[in-house]
Structure formats: structure tokens, C-alpha cells
Amino acid sequence: MPVLKTKETKNLWEEICHDFEKKKKIPEKIDEINEFDASKHSTVFYGYSFDRNKLDDENLIKDIDVSVCHPACFGYNLEKHFPKCSSSNKKNTLKDKNECTEREFIETYVFPTLLPAMEKMLWEAKNHKCYERKRTAFNACDFLTTYLYQNNPFVNDDEAYFRKSLELDEIPFAKDWLKLHPRPPLPKSLVWSEEEAAGKIQSFYRGYLVRRDPEVQELRQWQKELREENQNINQRVEKFWSDETKI
């Protein structure tokens, strides 16, 4: 019996994420990227940034096929330079948000700012070890709110410069919300770093070792007895003088 199958279609979010991933692949971290210099490099490097690869065997260069690839490129990572569009040209090409469709509005006004913010959020979560622990002090919503407020592309340069210095509790609408809905303080286990927590534990343990010393225990016991003897000393002095005056 034949079975009818429908073609699987990706939703808008999956398509946007897929396109964004293709356009913005994170390159491997390298210490230095060199620019083309005609006095030092072959012309085949023009328009690329490049970094030299470490080869296990330099004799491999002898076996390169010059009919397939230029020999000057062997042993290098090349990355194409794309011309950067100025912000003024980009604003001129934007479609009117009152006339564009829902998809065009999302692709033009929302995702160009939201997707880089989410990428930054994921890297920041990694720095806070959110992928290794069940609980951390990192709040993804707070980070997105601060990042989007600081990097709003639709404000003028002076306002953008001013917003860069603001933290979450200094943003006007966030400040008003926190006044109406104050947050409970975070536990010390989330506030302290590993180094601070280790210092606190070590300090407490060193104090414990000192307090358990027999001579220190004897001194503490004497202080306790002295406090008990001098308890209500003011009342005892007043009673003594009142008895003396009656005689």
C-alpha cells in the first residue's frame, strides 16, 4: 500500500538561524592575522587575511600540484575580505517598517540586532560555566536586556555613547520595574567566585584550628567565667551603695 509523505518544511526561525550560522562561522582563534603587503607576499594573497600553518613536514611543499593550486598559498589559511558597508548606507537601504511584511520586518529590524545579542549571551554563559553547573549567578534575560539597550542601532551617536556606560539597574525602565518588584539577594554560593569561596573556607578552617588549641580553649573558658561573674555588675554596684547609705 503506498504511503504518502509530505515534504518537511523549516519554520521561519530555523531558516533564519541556519542562514545566520552560514554567514557567521566562528573562525579558529589565531594569534595574529597578516595583511597583504606587495613587497613581502605574492599577489595571490591580495584581498585575503592569512595566517601561516605549522607543517609537520616541510617536504610536503615539494609535492604540491601547481596546476590545481598556486604554490604560494600552500601552508596558509586564507579568509576573504568583504567590503564593510557604512551605517549611513545601511540605514538608507532599510525598508519602511510600516510598509514591509512581517517576515521582512523581522529580518530587517529584529534579527540583525537580536541574533548577535544571543550569540554574545551564549559566550557569556560559557564564561560563567552555565554549561557545567546547575545554578549560576548569570541571568540570560538581564544580559540580553542590557546588551540590546546598549546596542540599539536606531538611536543617535550621543545617545548610543551614553548608553554604553549604563548597567541593568541604571536603565530607566529596568530601574522602575525593580522598584516595584525588588529581587531577593542572591545566595553567597552564587555571588562568590571559586577563589573567594576557597578563601572563606580556608579562613574559617584556620580559625577552627586556632580555637581548638588547648591554651586557647583555657583562655576562652576563663573569659566565659569572667563574663558570668561580671554579669549585671551595674545592678550589684547600685545595690552595694544603697546598702551602705542605709547604715
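From a predicted model like this one, the values you see are computed outputs, not experimental measurements.

Q: Give a detailed account of the overall build of the chain, specifying residues and quantitative values.
A: In terms of regular secondary structure, the chain is built from ten helices and two strands. Seen in sequence order, the chain has helices and strands lined up from the N terminus as α-β-β-α-α-α-α-α-α-α-α-α. Looking at the chain as a whole, 13% of its 247 residues are labelled buried. For the chain, the proportion of contacts with a sequence separation of at least 24, taken over those separated by at least 6, is 47%. Here the chain displays about 21,800 Å² of accessible surface, and carbon together with sulfur accounts for 54% of that area.

Q: Lay out the packing of aromatic side chains in plain terms, naming residues and giving numbers.
A: Two measures describe an aromatic ring pair: the distance that separates the ring centres and the angle between the ring planes. Under the criterion given, the structure shown has six aromatic pairs. An angle of 35° between the planes, with centres 5.8 Å apart, marks the rings of Tyr-109 and Phe-154 as tilted. Taken together, the residues span a long stretch of sequence, with Tyr-109 in helix 3 (residues 102-127) and Phe-154 in the loop between helix 4 (140-150) and helix 5 (157-163) at a distance of 45 residues. Feature note: the residues Phe-105, Tyr-109 and Phe-154 constitute an aromatic cluster, connected by ring pairs. Positioned over the ring face of Tyr-149 is Arg-163, at 4.0 Å from the centre of the ring. In this arrangement the basic side chain of Arg-211 is found over the ring face of Phe-204, its NZ or CZ atom lying 5.7 Å from the centre.

Q: Can you tell me about the pattern of salt bridges, naming the residues and giving the values?
A: Enumeration according to the criterion identifies five salt bridges in this entry. Its salt-bridge partner being Glu-194, residue Lys-129 comes within 3.5 Å of it at the nearest N-O pair. One end of the pair, Lys-129, is in the loop between helix 3 and helix 4; the other, Glu-194, is in helix 8 (residues 194-211), and 65 residues separate them in sequence. Judged by its relative accessible area of 30%, Lys-129 is partly exposed. The shortest N-O distance in the salt bridge between Asp-142 and Arg-183 comes to 2.7 Å. Note that Asp-142 is positioned in helix 4 and Arg-183 in the loop between helix 6 (172-180) and helix 7 (188-191), a separation of 41 residues in sequence. Note on Asp-142: relative accessible area 16%, which makes it buried. A network of salt bridges, in which partner residues are shared, links Lys-129, Arg-133 and Glu-194.

Q: Can you lay out a nonpolar patch on the surface for me, pointing to particular residues and giving the numbers?
A: Together, Phe-204, Tyr-205, Tyr-208 and Leu-209 line one region of the surface with nonpolar side chains, adding up to about 450 Å² of accessible area. Residue position: Tyr-208 is located in helix 8. Given the relative accessible area of 40%, Tyr-208 is considered partly exposed.

Q: So what's going on with the side chain of Thr-146? Residues and values would help.
A: Here Thr-146 is to be found in helix 4. The contacts of Thr-146, once residues within four sequence positions are left out, are Leu-166, Leu-168 and Ile-171.

Q: If you had to explain the nonpolar core to someone new, which residues and values would you point to?
A: Within the largest apolar cluster, six residues are counted, these being Ala-117, Met-121, Ala-125, Phe-138, Leu-144 and Tyr-147. For this core, the secondary-structure elements that each account for two or more residues are helix 3 and helix 4. Considering each element in turn, this core owes the most residues, three residues, to helix 3.

Analysis parameters
Residue numbers run consecutively from 1 along every chain, following the written order of its sequence. Given that this is a predicted model, residues contribute local features only at a pLDDT of at least 70 and side-chain atom pairs are listed and counted only at 80 or more, while totals for whole chains, interfaces and linings are drawn from all residues. Heavy atoms from the whole structure form the basis of all side-chain values; hydrogens and water molecules are not counted. By the criteria applied, helices consist of DSSP H or I runs no shorter than four residues and strands consist of E runs no shorter than two, each listed in order from the N terminus. Here the term buried applies to any residue with accessible area under 20% of the maximum for its type, exposed to any over 50%, and partly exposed to those in between, with areas from a 1.4 Å probe on protein chains only. Any two residues having at least one pair of non-hydrogen atoms within 4.5 Å are treated as being in contact. Computed with the Shrake-Rupley method and a 1.4 Å probe, the accessible areas treat only the protein chains shown as cover for residues. What counts as a ring pair is set by centres within 6.5 Å for rings of Phe, Tyr and Trp (its six-membered ring), and what kind of pair is set by the plane angle: stacked under 30 degrees, edge-to-face over 60, tilted for all other angles. Both a distance and an angle decide whether a charge sits over a ring: NZ of Lys or CZ of Arg must be within 6 Å of the ring centre and within 35 degrees of the ring normal. Whenever Lys or Arg places a side-chain nitrogen within 4 Å of a carboxyl oxygen from Asp or Glu, that contact is recorded as a salt bridge. Each patch is built from residues lacking any salt bridge and having more than 30% relative accessible area; the joining distance is 9 Å for like charges and 5 Å for nonpolar side chains (Val, Leu, Ile, Met, Phe, Trp, Tyr). The criterion is simple. A nonpolar core is a set of buried Ala, Val, Leu, Ile, Met, Phe, Trp, Tyr and Cys residues joined through side-chain atoms within 4.5 Å.

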